[in-house]
Amino acid sequence: RTSRRAPRASRRYTDEPDWSAREQELYQMALENSKLETKLATLSDRPIPEAPVFRPTAAQFRDPLRYVASIRREAEPFGICKIVPPRGWKVECAVDWNSTKKFATKRQRLHELGEGQPFGDGREYTLEEYQRMADAFYARRIAKYPDLKGDALLKRLEEDYWAIVDQVREKLDVEYGNDIDVNEFWSGFPRGVDIDQLSDKNLPQNVDDPSYVQQSGWNLNNTARWPGSLLRRHDAPLPGVTQPWLYLGMLFATFPWHNEDNYFESINYHHAGAPKQWYGIPGSEAARFEDVVRRFHKQRLLEVPDLLHRINLQISPAKLAALEVPIHRICQNPGEFVVTFPQAFHGGFSYGFNCGEAVNFATPDW
């Protein structure tokens, strides 16, 4: 007897799953992350190279913009550099440490920095209250490492920081006093002099002269108005651009990856306290850095297209180096300047309570 049942259609098998476009994208991202983690495992002990350090003579130091122009060819390929003032330079930090005025902070969830989540509002503090809080936080943290001092302790704290940010080894919040208006609050420098008096020719002869800092272009209240600055005659005050901002940090307080508005240069001075750890990428490699952000933060960029302008995303130098993004580091101590060059991405964090100040500037070759 012959069966009249129609033959069953053969089933076709394929090696490719029936995924949506979004699922395929997530799968590819997972593969890329897996390859990256493998690469990171082989590069984890490779140190990030240092950015250059410059030590101007007293004669070279008299004109900051001319000096920066003189080192540009050597320094700009690193994105950032450190400048150590000549012997005799001393800024008596003019911040009123006894002030009862309170400033606002931002609450930074370190374990969310790798996702680019926005910062919430922190508490308001007087300077004394903030330092007391920051010092207590620092003491609790380093109590875990009673045998570590100096550079060994800094190295361990840097490892801890990236373990939290990159691997979410623990959940930890800090508070950062950033972008504090020096006109409403305090500047660490003496107030600048009239624009017509700003010139290296009017400076006292010796760096250690008590009036040198007030009249110097390295006084960040004078920098944007110094001869040779394109911002010199900008009449309207712009905090952070033509006028400096003050920064109060604590252990792990973070300045995430960013470059300056309008691709200006910036100059950053460390007034007092614990060191700051900086990382820099040259402006010529900015597109490569942005490509890394697009590759590994696609979903976040769909939600927040201007993610990098929000300044709340942190990516480890080890990951960037593994992805062949040129990156260099600097540890900034009190009394030292850090300069960032046009379009250079930079970021970092503090090793404890500190006070810094920063302003933009632009030279004719900007």
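Refer to the structure printed above.
Residues numbered from 1 in each chain as written. Predicted model: local features only at pLDDT ≥ 70, side-chain atom pairs only at ≥ 80, totals over all residues. Heavy atoms only, no water.

What follows concerns the overall build of the chain. Within the chain one finds nine helices and 13 strands. The buried share among the 366 residues of the chain stands at 51%. Partitioning the contacts of the chain with sequence separation of at least 6, the portion at a separation of at least 24 is 83%. When the accessible surface of the chain is totalled, it reaches about 19,100 Å², and 47% of it is carbon and sulfur. (Helix = DSSP H or I, 4+ residues; strand = E, 2+ residues; numbered from the N terminus. Buried < 20%, exposed > 50% of the residue type's maximum accessible area, 1.4 Å probe, protein only. Contact = heavy atoms within 4.5 Å. Areas by Shrake-Rupley, 256 points an atom, 1.4 Å probe, with all protein chains shown as cover.)

In this section: the packing of aromatic side chains. Under the defined criterion, the tally for this structure stands at 24 aromatic pairs. Note on Phe103 and Tyr130: the rings are 5.6 Å apart at their centroids and 65° apart in plane angle, and the pair reads as edge-to-face. One end of the pair, Phe103, is in strand 3 (residues 103-109); the other, Tyr130, is in helix 4 (residues 127-142), and 27 residues separate them in sequence. Taken as a pair, Phe103 and Tyr130 share a single burial class, namely buried. Summarising the aromatic geometry, the rings of Phe289 and Phe345 are spaced 4.5 Å apart at their centres and angled 40° between planes, so their arrangement reads as tilted. One end of the pair, Phe289, is in helix 7 (residues 286-296); the other, Phe345, is in strand 12 (residues 345-350), and 56 residues separate them in sequence. Taken together, the aromatic side chains of Phe61, Trp89, Phe189, Tyr212, Trp218, Tyr269 and Phe337 make up a single cluster linked through ring pairs. Above the face of the Phe255 ring, Lys276 is positioned so that its terminal group lies 5.9 Å from the ring centre. (Phe/Tyr/Trp six-rings, centres within 6.5 Å; stacked < 30°, edge-to-face > 60°. Lys NZ or Arg CZ within 6 Å of the ring centre and 35° of its normal.)

Right, let's talk about the side chain of Arg62 for a bit. Here Arg62 is to be found in the loop between helix 2 (58-61) and helix 3 (64-75). One buried charge, Arg62, has no salt-bridge partner; the nearest side chain with opposite charge is Asp200, at 5.0 Å. From its side chain, Arg62 meets the backbone oxygen of Leu203 in a polar contact 3.2 Å long. Reaching out from Arg62, the side chain makes a polar contact with the backbone oxygen of Pro204 at a distance of 3.0 Å. Ignoring anything within four residues of it in the chain, the contact list for Arg62 reads Asp200, Leu203, Pro204, Gln205, Tyr212 and Trp226. (Lys, Arg positive; Asp, Glu negative; His and termini not counted. Salt bridge = Lys/Arg side-chain N within 4 Å of Asp/Glu carboxyl O. Polar contact = N/O pair within 3.5 Å; in protein donor to acceptor, adjacent residues only side chain to side chain.)

A few words on unusual backbone geometry. Even without a glycine there, the phi angle at Tyr263 is positive, about 60°. Checked against the element boundaries, Tyr263 lands in the loop between strand 7 (254-258) and strand 8 (265-273). A positive phi angle is found at Gln343, which is not glycine, with a value near 70°. By the element assignment, Gln343 lies in the loop between strand 11 (337-340) and strand 12.

On to the sheet that holds strand 4 (residues 120-125), then. Read from one edge of the open sheet, nine strands run 1-2-11-8-13-6-5-3-4, paired in mixed fashion. Of all strands in the sheet, those with a lone pairing partner are strand 1 (53-54) and strand 4, marking the two edges. Across four bridges, the pairing between strand 2 (residues 80-83) and strand 11 is antiparallel. Across the sheet, Ile80 pairs through a bridge with Thr340, a residue of strand 11. Of the strands in this sheet, strand 1, strand 2, strand 8, strand 11 and strand 13 (354-361) touch helix 3, which is tilted by about 130° from strand 2. (Pairing = 2+ DSSP bridges. Axes fitted to C-alpha atoms, helices over the stretch in contact; angles between N-to-C directions.)

So, about the environment of Glu324. The topology assignment puts Glu324 in the loop between helix 9 (317-322) and strand 10 (328-332). The exposure class assigned to Glu324 is exposed, which follows from its relative accessible area of 53%. Spatially, the C-alpha atom of Glu324 lies 9.5 Å from that of Phe289, the residues being 35 residues apart in sequence.

If you check helix 5 (residues 150-167), its first and last C-alpha atoms are 25 Å apart, about what 18 residues at 1.5 Å a residue would give, namely 26 Å. Contact partners of the buried residues in helix 5: helix 4, strand 7, strand 9 (276-281), helix 9, strand 10 and strand 12. Val168 sits one or two residues past helix 5 and shows a positive phi near 50°. (Expected span 1.5 Å × (residues − 1).)

So, on to helix 7. Regarding helix 7, the residues found buried are Ala286, Phe289, Val292, Val293 and Phe296. End-on, the buried residues of helix 7 take up no more than an arc of 120°, which puts them together on one face. (Arc of directions from axis to C-beta.)

Our focus in this paragraph is a nonpolar patch on the surface. A cluster of nonpolar side chains, contributed by Leu230, Tyr263 and Trp366, occupies part of the molecular surface with about 320 Å² of accessible area. Inspection of the secondary structure puts Leu230 in the loop between helix 6 (212-215) and strand 6 (245-249). (Patch = residues over 30% accessible without salt bridge, like charges linked within 9 Å, V, L, I, M, F, W, Y side chains within 5 Å.)

Let us look at the nonpolar core. Counting 64 residues, the largest nonpolar core has Phe103, Phe252, Trp257, Phe289 and Leu320 as its most contacted members. No other element matches helix 5, which puts seven residues into this core. Counting residues in each nonpolar core, the second largest holds 28 residues, with Tyr67, Ile83, Ile267 and Phe337 among its members. (Core = buried A, V, L, I, M, F, W, Y, C linked by side-chain atoms within 4.5 Å.)

This part takes up the sheet that holds strand 9. As summarised here, the arrangement of the four strands in space is 7-12-9-10, forming an open sheet in which the pairing is antiparallel. Strand pairing shows two members of the sheet lacking a second neighbour, strand 7 and strand 10, which therefore form its edges. Ignoring which end each strand starts from, the neighbouring axes of this sheet average 15° apart. Direction of pairing for strand 9 relative to strand 10: antiparallel, over a ladder of five bridges. What sits directly across from Gln277, in strand 10, is Cys331. Sheet strands touched by helix 5: strand 7, strand 9, strand 10 and strand 12. Its angle to strand 12, the strand with the most contacts, is close to 115°.

None of this, on its own, says anything about what the molecule does.
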